[in-house]
Amino acid sequence: MALGAIEGINSKVSQVFVTVHQSVAEYSQKMKLELRRHNYVTPTNYLELVSGYKKLLGEKRKEVGNQVNKLQNGLFKIDETRTKVQAMSLELEEAKKKVAEFQKQCEEYLVIIVQQKREADEQQKTVTAHSEKIGAEEIKCKAMAENAQRDLDEALPALEEAMKALESLNKKDMTEIKSYGRPPVLVETVMQAVMILRGNEPTWAEAKRQLGESNFIKQLVHFDKDNISDRVLKKIGQYCTQPDFQPEIIGRVSSAAKSLCMWVRAMEVYGRIYRVVEPKRARLNGAMQQLAEKQRDLAEAQAKLREVGEKLELLKKHYDEKLTQKEELRLKSEDMEMKLDRAAKLVSGLAGEKIRWEETVKGLEEDMGYLVGDCLLAAAFLSYMGPFLSNYRDEIVSKIWRQIRDLTIPCSPSFSFANFLSKPTVVRDWKRQGLPSDAFSTENGVIVTRGNRWPLMVDPQGQALKWVKNMEMSKGLKVIDLQMSDFMRVMENAVQFGSPILLQNVQEELDPSLSPILNKSVTKVGGRLLIRLGDKEVEYSPEFRFYITTKLSNPHYTPEISTKTSIVNFAVKEQGLEAQLLGNVVRKERPELEEQKDTLVINIASGKNKLQELEDEILRLLNEATGSLLDDVQLVNTLQTSKVTATEVAEQLQVTEQTEIKIDTAREAYRPCAQRASILFFVLNDMGRIDPMYQFSLDAYIDLFNQSIEKSQRSTKLEERISNLNEYHTYAVYRYTCRGLFERHKMLFSFQMCSKILEVAGKLNMDEHNFFLRGGVVLDKEGQMDNPCTGWLSDANWDNITELEKLTNFHGIMNSFEQYPRDWQAWFTSDEPETATLPGEWENACNEQQRMLIVRSLRQDRVAFCVTSFIINNLGSKFVEPPVLDMKSVLDDSTPRTALIFVLSPGVDPTSSLLQLAEVCGMAPRFHALSLGQGQAPIATRMIKEGVKDGNWVFLANCHLSLSWMPQLDKLVEQLQLEEPHPDFRLWLSSSPHPDFPISILQAGIKMTTEPPKGLKANMKRLYHLITEQQFSRCSKPPLYKKLFFSLCFFHSVLLERKKFLQLGWNIVYGFNDSDFEVSENLLGLYLDEYEETPWDALRYLISGVNYGGHVTDDWDRRLLTTYINDYFCEQAVTTPFFKLSCLNTYCIPKDGNQASYKEYISMLPNMDHPEAFGQHPNADIASQIREARTLFETLLSLQPQLTASTGAGGQSREEKVLEISADVRQKIPDELDYEGTRKMLADDPSPLNVVLLQEIQRYNSLLSTIKSSLIELEKGIQGLVVMSTSLEETFTCIYDARVPPMWERAYPSLKPLGSWTRDLVQRVEQFAKWAETAHPPVLFWLSGFTFPTGFLTAVLQASARLNNISVDTLSWEFIVSTVDDNNLLFPPKDGVFVKGLFLEGAGWDQKNSSLVEAQPMQLVCPIPTIHFKPVENKKKSGKGTYACPCYYFPNRAGLSGRASFVVGVDLKSGAMQPDHWIKRGTALLMSLDS
């Protein structure tokens, strides 16, 4: 793949690949140490980086190339349009000239046309008048003609008939008439009339002659009837008037004659009528002639008119032609003008774009050059950064980036992963969909949507879940979890149809059936994509999306899962949460502001989207435009609207953004509230690291914050309102959290809240705070100033002071110990050093925090008191007074959908208090309890389902015993959120703390801790509550019973509370419980009723020996138990009024009364128990207080990120520090002892002591060899020469923490830290080296130096037995404590041994009287002088003034598994006190200390 012209670019990029991979591995290790988060870097990541880089570079080059092409094409089109516009301007000028010319011609034509039109119009008028006149005459002629015609029409029928008759005549008829010699009269008459008409002689002869003519009938038919003379007509008239001159009559004689008769008659009628018609006709003809003349004139006039019209038409045609040409030109020029206008618009419209595009193209071309480096960073980010938090991401990126710059690989100077791989519009949508608004979350969004592998989101607060749901909902998102029976079916459908899938709430294991999907094992068969799911081949849609989320806050996923998925850490970030909470507080306080802000954000987003869309549309149109842009009206219009819209939007945006600035300023005023709430949430969230049950959900927290906003006091002054809200919410968080915290963590929580609030406010000196948590660890003892007060100041305390000196405000504190040693001692031994006056100038120089550091350095037992007052002074007293758990109010806070969870601690069962609550609430009949365990799951499921329906209370106890069923329970609780449970339904759960308890139930539920009451008063109060008034007064000897019942309560409470004194309390902590008490109470009542005399021995034996003693496994603890019972159950207890139960006056048996009077007496007892109440020394509290302080610091430190580089000398890394300590230890430990040489030397004397010496040498040699070999291996492991095994890892961590690795502790148990353990080891080996060298046992044996002291003591007894020749079984010890200095003991005793180096705990030693005395204040242990262990035969039982003092190998008196700590019981004089006094004090000898 071509990467550019830079020389050696390919190898440079490869080099960066390697750096990326290695630096991520390094940072994963760093994150593991600092945050205990695991992240595996595998070859898959590397290969993905390489392939991802190639793919991304290709994509980006194409994307940027396309953008450049689009923009350049746009720019080209704009330039082309410019050129066209210039040419068109010239053309337009030309066209305008032509139009003017045509216009002139048209106007000339118009003048002529108008003139001719006028002439034609006049002519038209004349013609019209003429034609009107002629029309009238035509009508007259017509009437005349009609009149004549009418007359004529009368004659016509007869004429037609005659004609028909004539036509019917033929030659034969004529011959018939002619044949008459003498015709009939009528025929003759007819013929005469015919002759007259024809103008012939009216004789038959003439008639006969004419009849003979061939065309006779023809002549008749064509007879000129119009010209019959009057004379003829008159003559004919005479014929026609004759009566028998009728055709019918004549027809009788001759049919031919009949026809002729008809003709004659017709002619007569016609002739007569014609006389009338003729004059009319003549007139008509005259009129017609005149009409014809006029019509001729008219025709002429019309012809003339037509000629004028044609001329006019022609003119008009010319005129129209010119007009059309002019119009065409006008249109053309108009079109050109429009085009020019468009062009102007285009050119001006795109002028802004042109400049912007030119700049963009320039920028893009520059980016194109940077792609090689940018894609490298982006691909690395995508492949590796998901699991890291933002600070690690920034560090890694800047490191890689630095190398990219050093290697001169081109890369953007201001590279941002999120901007590089996402569009602002998309990011804005994500934020609207619920992705937090910080940069870290945006990066996560990009990794989730752009990564090559499916994302696995670590999402403890469900923010990713919410975002994915909103983002993918429109695409038909399916939400599944691994508890669903049909989740694979849902998967198959989604894979086929391309729906997104969200797999929620996974644990640290993923179902193997998901592997093909996670591996994207897709095959291509005949153009189809297929994937094998189980035993099915399913078609694979490229649209398919897969998201996985887990609620675990710090899951440990295997490398396999890390390679298959892209793990993305969606931890809540301060910045994102603060923004969210700011929105909340402003929405509540100033809703109008927040609404405006929301609207503005949407408007700005849509405005920017619109601008982007418009620009894309313009570019698209420019790209798609064919031919001239000037013809593309749509383009110009779109451009126009785009331009207008763009201007409007840009203006709006400007206004909106200014408004946004104003709104933001107003919102900023509420920032302190959001900041405080955000701090508190993270303090709350950190608590989950202390105990797995401390899980809090962000949603519930936001609800709490909203409640605080509503309930806190209002004020018109903003500062006051904010202060009220902060104060209210801080306490609300404290109150809300406390009911779910164990007692031991409540103060820690307050202190953490207090520190964080002060830290953010800049009121906490962080160096001093860190010292307070960590104390002073001196690495270099050589350079340390000597302890000036060795008499009372321990080395560990002096170490703290020398380290404290290094802090700015404490320079000179070491010297003040030399200056004022007595003042410091007085301060050190005072009861309340935290309030005592500090020596010298330190009283005035120290503020509260600095005073705490001095207390922390010297008097750790008082740290808790300091912390308490620190919290009171900074937050208020209510933050150290946790509210008492009120189950009724908890119930009121809950809903049917909320699980109520009791977090159990040993010895407490919440069932009874829950039953009482059920009674009070009237729910007892509907209260169903079930203790979980094997086979109970189906019953529990049924109970929940019935409870939801019927409104029962369901109590599932001991969930930790049914962990495999917890996922199902989680599902049932999740189901509750979706359905409508009965309003009375409540689900109560109880569980011991366990990391596998479902997080989502804990987050959404209400947690309550149940703990045994603390202190004698609280315990006694509880015991008196357990017993009813009826039980209290049932015994037949009430006064006796009531007093002894009080004694029993006190006894039970003392046994329980004594464990707070740690080793001074009990050797082993026992689980004394309520049933022990109840059985003892029953026995007490029974024996008092049965016996007249009180059977003290029986009662004492049954109560302490059998009942409570049944728990006790340690003999010394049993002795203590007996001592207590003897004190409290004796005759004096019932006979002495106000019998004292301790040396304090406060605790005594009150006078007889009813139960209420006893309860009242108990309520007056002190809240804090003095050690004397238990028979302990005031110092006894110190050890437990120191332990509490240590636990507090350890827990607080566990919440701090572990520092990977010490801030000390030159910022050492962990590895460097471990190597340094390792080398130091190797240098200090001695060489192995010469076992073989010693064995040979002692071969002649096989005495028991020599055998012990050889055994000890063997053990120490084995230990020294183990230490050396493990350190050499460790150094090799650190240098990478051997693989770091689990045991080497453990050794590494221990050495870094200055602890002794477990594999070194096999030889002998010890509680010392590494430094003093090593020094101690050197001394131990030295003792045996000297002994082996001289072959003489030492005068004084340092018993503590033996790995197996019991063996040594047995050997001493054996030696004595051999010496005195008696049975070893008869021997026992006598102990004589030396009263002289060790320097005076120069020779070994005759019998037995001198033992030195023992310490006395729980008492002091009076050297003068050689007896026990009370310890000095603050003196927890004191050295005891050398003791002579003397074997004696058949020793009598110890006398009255002797205390049998147990001696232990190390401070842990119970010992370790497989190794008891008890060595021997040493008899010591009990001095002024009874031995019982020291038994209660827990006084013992220790062979070694923990420092």
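Numbers given for residues are sequential positions, taken from 1 along each chain in its written order. Reporting of local features is limited, given that this is a predicted model, to residues whose pLDDT is at least 70; pairs of side-chain atoms are given and counted only at 80 or more, and all residues count toward the totals for whole chains, interfaces and linings. Processing note: side-chain calculations cover all non-hydrogen atoms of the structure and skip hydrogens and water entirely.

## Re the overall build of the chain
This is how the line gets drawn: Strands are runs of DSSP state E lasting at least 2 residues, helices are runs of H or I lasting at least 4, and numbering of each runs from the N terminus. In this description the radius of gyration comes from C-alpha coordinates, and the expected globular size is given by 2.2 Å times residues to the power 0.38. With a 1.4 Å probe rolled over the protein chains alone, any residue whose accessible area is under 20% of its type maximum counts as buried; one over 50% counts as exposed, and the rest are partly exposed. Any two residues whose heavy atoms approach within 4.5 Å at even a single point are treated as in contact. Only the protein chains shown count as cover for residues, and all accessible areas are computed by the Shrake-Rupley method using a 1.4 Å probe. The positive count covers Lys and Arg only, the negative count covers Asp and Glu only, and His and the chain ends enter neither. One atom stands in for each charge, and that atom is NZ of Lys, CZ of Arg, CG of Asp or CD of Glu.
When its secondary structure is counted, the chain shows 52 helices and 24 strands. Its C-alpha atoms give the chain a radius of gyration of 63 Å, more than 25% over the compact-globule value 35 Å for 1491 residues. Along the first, second and third principal axes, the C-alpha set of the chain runs to 230 × 90 × 70 Å. In the chain, which comprises 1491 residues, the proportion classed as buried is 49%. Sequence separation of at least 24 residues holds for 76% of the intrachain contacts in the chain that already meet a minimum separation of 6. Here the chain has roughly 72100 Å² of accessible surface; of this, 52% comes from carbon and sulfur atoms. Averaging the positions of the 176 positive and the 198 negative side-chain charges in the chain gives two centres separated by 6 Å.

## So, the sheet that holds strand S15 (residues 1371-1377)
Stated formally: A pair of strands is treated as paired once DSSP finds two or more bridges between them. Whenever a helix is involved, its axis is fitted only over the stretch in contact; in every case the axis is a line through C-alpha atoms, and angles between N-to-C directions fall within 0 to 180 degrees.
Taken in spatial order, the 4 strands of this open sheet run S14-S16-S21-S15, and their pairing is mixed. Each edge of the sheet is formed by a strand with only one pairing partner; in this case those strands are strand S14 (1340-1342) and S15. Across the sheet, the mean angle separating the axes of adjacent strands is 40 degrees when strand polarity is ignored. The pairing of S15 with strand S21 (residues 1427-1433) spans 7 bridges and is antiparallel. By the bridge assignment, Val-1377 is partnered in S21 with Ile-1427.

## Side note on the packing of helix H46 (residues 1214-1228) against helix H48 (residues 1248-1279)
For any two helices packed against each other, the geometry comes down to the angle between their axes and how far apart the axes lie. Note the threshold: Relative orientations are named as follows: roughly parallel for angles under 35 degrees, roughly antiparallel for angles over 145 degrees, roughly perpendicular for angles from 65 to 115 degrees, and oblique for any other angle. The sense of a crossing depends on the near helix, which, turned anticlockwise from the far helix by less than a right angle, makes the crossing left-handed and, turned clockwise, makes it right-handed. Each residue gets one of three labels, nonpolar for Ala, Val, Leu, Ile, Met, Phe, Trp, Tyr, Cys and Pro, charged for Asp, Glu, Lys and Arg, and polar for the others, Gly among them.
At their nearest, the axes of H46 and H48 sit 10 Å apart, and the two run at 155 degrees to each other. Compared by their axis directions, H46 and H48 come out roughly antiparallel. H46 and H48 meet at a crossing whose hand is left-handed. Two secondary-structure elements touch here, H46 through Glu-1215, Val-1218, Leu-1219, Ser-1222, Ala-1223, Val-1225 and Arg-1226 and H48 through Ile-1267, Leu-1271, Ile-1272, Leu-1274, Glu-1275 and Ile-1278. Looking at the contact of H46 with H48 residue by residue, the class counts come to 9 nonpolar, 1 polar and 3 charged.

## Notes on the confidence of the model for the chain
We apply this condition: The pLDDT score gives, residue by residue, the confidence of the prediction method on a 0 to 100 scale.
This prediction gives the chain a mean pLDDT of 88; 98% of its residues lie at or above 70. Per-element averaging of pLDDT across the chain places helix H3 (residues 171-178) at the bottom with 78 and strand S24 (residues 1484-1486) at the top with 97. Confidence over residues 1205-1210 falls short of pLDDT 50; this stretch has 5 contacts with residues more than four positions distant or in other chains.

## Things to note about the nonpolar core
Inclusion rule: For the purposes of this section, nonpolar cores are sets of buried Ala, Val, Leu, Ile, Met, Phe, Trp, Tyr and Cys residues that join through side-chain atoms within 4.5 Å.
Residues Phe-1051, Trp-1304, Leu-1321, Phe-1352 and Phe-1429 are the most contacted members of the largest nonpolar core, which totals 123 residues. Broken down by element, this core gets its largest block of residues, 11 residues, from helix H39 (residues 1038-1057). Residues in contact with Phe-1352, not counting those within four places in the same chain, are Leu-1249, Val-1252, Phe-1341, Leu-1343, Phe-1346 and Val-1393.

## Thoughts on the pattern of salt bridges
Charged atoms that come close allow side chains of opposite charge to pair. How we decide: Whenever a carboxyl oxygen of Asp or Glu lies within 4 Å of a side-chain nitrogen of Lys or Arg, that contact is scored as a salt bridge.
The final tally for this structure, using the stated rule, is 52 salt bridges. As a salt-bridge pair, Glu-492 and Lys-536 come within 2.8 Å of each other at their nearest N and O atoms. Taken together, the positions of Glu-492 in helix H15 (residues 487-497) and Lys-536 in strand S6 (residues 536-539) put the pair 44 residues apart, joining distant regions of the chain. Judged by relative accessible area, which is 14%, Glu-492 ranks as buried. For Lys-536, a relative accessible area of 42% translates into the label partly exposed.

## Here we look at the packing of H39 against helix H44 (residues 1155-1163)
The N-to-C vectors of H39 and H44 enclose an angle of 30 degrees; their axes lie 12 Å apart at closest approach. With respect to their mutual orientation, H39 and H44 come out roughly parallel. Crossing handedness for the pair H39 and H44: right-handed. Within the contact between the two elements, H39 uses Lys-1042, Lys-1043 and Phe-1046 and H44 uses Tyr-1158, Tyr-1161 and Ile-1162.

## Observations concerning the packing of aromatic side chains
In this description, a pair of aromatic rings is defined by centroid distance and the angle of the planes. The condition is simple: The rule is short: rings of Phe, Tyr and Trp, with Trp giving its six-membered ring, pair when the centres are within 6.5 Å, and they are stacked under 30 degrees, edge-to-face over 60, tilted in between. Charge-over-ring contacts are defined here by two conditions on Lys NZ or Arg CZ: a distance within 6 Å of the ring centre and an angle within 35 degrees of the ring normal.
Scanning all chains against the criterion turns up 70 aromatic pairs. Their ring planes at 55 degrees and their centres at 6.4 Å tell us that Tyr-239 and Phe-245 sit as a pair that is tilted. Just as Tyr-239 is buried, Phe-245 falls in that class too. Measuring from centroid to centroid gives 5.5 Å for Tyr-731 and Phe-879, while their planes differ by 90 degrees, and the two rings are edge-to-face. With Tyr-731 in helix H23 (residues 718-738) and Phe-879 in the loop between helix H31 (863-874) and helix H32 (887-893), the pair connects residues that are 148 residues apart, well separated along the chain. Both residues of the pair, Tyr-731 and Phe-879, count as buried. Each member of the aromatic cluster is reached from another via a ring pair, and the members are Phe-1050, Phe-1051, Trp-1066, Tyr-1070, Phe-1072, Tyr-1108, Tyr-1124, Tyr-1128 and Tyr-1147. The ring centre of Tyr-1296 lies 4.6 Å from the NZ or CZ of Lys-1217, which sits over that ring. Sitting over the ring of Tyr-1308, Arg-1324 keeps its end group 3.7 Å from the ring centre.

## What to know about helix H26 (residues 795-804)
For H26, a buried count of 8 out of 10 residues is recorded, marking the element as mostly surrounded by other parts of the structure. Those residues of H26 that sit buried are Asn-797, Trp-798, Asp-799, Asn-800, Ile-801, Thr-802, Glu-803 and Leu-804. Looking at the buried side of H26, the elements it contacts are helix H25 (766-774), helix H27 (813-819), helix H28 (821-829) and helix H30 (848-858).

## Side note on unusual backbone geometry
Comment: phi is negative for the bulk of residues other than glycine, and the bulk of peptide bonds are trans. The backbone phi angle of Thr-408 is positive, close to 50 degrees, even though this residue is not glycine. Among the secondary structure elements, Thr-408 is positioned in the loop between helix H10 (390-406) and helix H11 (417-421). In this structure, Leu-1062 is a non-glycine residue whose phi angle is positive, near 55 degrees. With respect to the secondary-structure elements, Leu-1062 resides in the loop between H39 and helix H40 (1074-1090).

## Focus: the sheet that holds S24
Reading across the sheet, the 5 strands line up as S20-S17-S24-S22-S23 and stay open at both edges, with mixed pairing between neighbours. The outermost strands of the open sheet, each flanked by one partner alone, are strand S20 (1421-1423) and strand S23 (1462-1469). Taking each pair of neighbouring strands and ignoring which way they run, the sheet shows an average axis angle of 30 degrees. In terms of strand pairing, strand S22 (residues 1442-1448) meets S24 through 2 bridges, oriented parallel. Paired with Cys-1447 across the bridge in S24 is Leu-1485. Helix H42 (residues 1115-1128) contacts S22 and S23 of the sheet and is inclined by roughly 145 degrees relative to S22.

## Re the state of the cysteines
We apply this condition: Two cysteine sulfur atoms make up a disulfide if the distance between them is within 2.5 Å.
Overall, the coordinates contain 0 disulfides when judged by the stated rule. The thiol of Cys-1148 is unpaired, and the distance to the nearest cysteine sulfur, on Cys-1143, comes to 13 Å.

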